[in-house]
Amino acid sequence: MRSDPRAWALLAPLLGWLVLDAAAGRLADAVVIAITVPPVLTAAIHTLRARLGDGDERE
C-alpha cells in the first residue's frame, strides 16, 4: 500500500530543521520554505516510486 505519511515521517524532521534554521535569519525565508519544499518533496517521492515500480513487483 502506498503511503505518503510513511515517507513524511522521515522527511518531517528535515523540513522542520530547515524551517527553524531559516526562521533564525529571516521569517520570510522560513515561510517560503514551508510553502514550497513539501510539494517538491512529494513530487520527488512519487517520481521515485514510479521509476522503482512502487516496490510491489519483487520476485
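This is a predicted model, so every value here is computed, not measured.

Asks: It is not clear to me how the nonpolar core should be interpreted in this structure. Could you clarify?
Replies: The nonpolar side chains of a soluble globular protein tend to be buried with one another. Core analysis: the biggest nonpolar cluster contains five residues, these being A7, W8, L11, L15 and I45. The leading source of residues in this core is helix α1 (residues 4-25), at four residues. The contacts of A7, once residues within four sequence positions are left out, are I45 and R49.

Asks: Just checking my understanding: could you explain helix α2 (residues 27-52) for this structure?
Replies: The α-helix advances 3.6 residues per turn, and as a result positions three or four apart in sequence lie on the same side. For α2, which comprises 26 residues, the first-to-last C-alpha distance of 37 Å matches the rise-based estimate of 38 Å (1.5 Å per residue) to within 8%. By the largest-angle criterion, V37 marks the main kink of α2, which is about 30 degrees, and a proline, P38, follows within four residues. Taken as a whole, α2 has its buried residues at A30, P38, I45 and R49. The inward-facing, buried residues of α2 abut α1. Positive phi appears at G53, one or two residues downstream of α2, with a value of about 75 degrees.

Asks: Looking at this structure, I do not really get the environment of P38. What am I missing?
Replies: Tracing the chain through its elements places P38 in helix α2. Taking C-alpha positions, P38 is 9.2 Å from W8, a pair spaced 30 residues apart along the chain. Contact partners of P38, with chain neighbours within four places excluded, come to W8, L15 and I33.

Asks: Whenever I open this one, the packing of α1 against α2 confuses me. Can you help?
Replies: Working note: a packed helix pair is described by the angle between its axes plus the distance between those axes. At a closest axis distance of 9 Å, the pairing of α1 and α2 adopts a crossing angle of 155 degrees. By the angle between their directions, the pair α1 and α2 is classed as roughly antiparallel. Between α1 and α2 lies a crossing whose hand is right-handed. Of the residues in α2, those touching α1 at D4, R6, A7, W8, L11, L15, L18, V19, A22, A23 and G25 are L27, D29, A30, I33, A34, V37, P38, L41, T42, I45, H46 and R49. Of the residues contributing to the contact of α1 with α2, the split by class is 16 nonpolar, three polar and four charged.

Analysis parameters
- Residue indices begin from 1 for each chain and proceed along its sequence in written order.
- Given that this is a predicted model, residues contribute local features only at a pLDDT of at least 70 and side-chain atom pairs are listed and counted only at 80 or more, while totals for whole chains, interfaces and linings are drawn from all residues.
- The basis for every side-chain value is the complete set of non-hydrogen atoms in the structure, without hydrogens or water.
- We call a set of buried Ala, Val, Leu, Ile, Met, Phe, Trp, Tyr and Cys residues a nonpolar core when their side-chain atoms join them within 4.5 Å.
- A simple rule labels every residue: compare its accessible area, found with a 1.4 Å probe on the protein chains alone, to the largest value its type can have, and call it buried under 20%, exposed over 50%, or partly exposed in between.
- Only DSSP runs of H or I with at least four residues qualify as helices, and only runs of E with at least two residues qualify as strands; both kinds are numbered from the N terminus onward.
- The contact criterion used is simple: two residues touch if any of their non-hydrogen atoms lie within 4.5 Å.
- One fewer than the residue count of a helix, multiplied by 1.5 Å, yields its expected span.
- Fitting axes to the seven residues ending at a residue and to the seven starting there, one defines the bend at that residue as the angle between these axes.
- Helix axes are fitted only over the stretch in contact, all axes being lines through C-alpha atoms; the angle between N-to-C directions runs from 0 to 180 degrees.
- Each angle gets one of four labels, with under 35 degrees taken as roughly parallel, over 145 as roughly antiparallel, 65 to 115 as roughly perpendicular, and the rest as oblique.
- The crossing is said to be left-handed when, going from far helix to near helix, the turn is anticlockwise and less than a right angle, and right-handed when the turn is clockwise.
- We call Asp, Glu, Lys and Arg charged. Ala, Val, Leu, Ile, Met, Phe, Trp, Tyr, Cys and Pro are nonpolar, and the rest, Gly among them, are polar.

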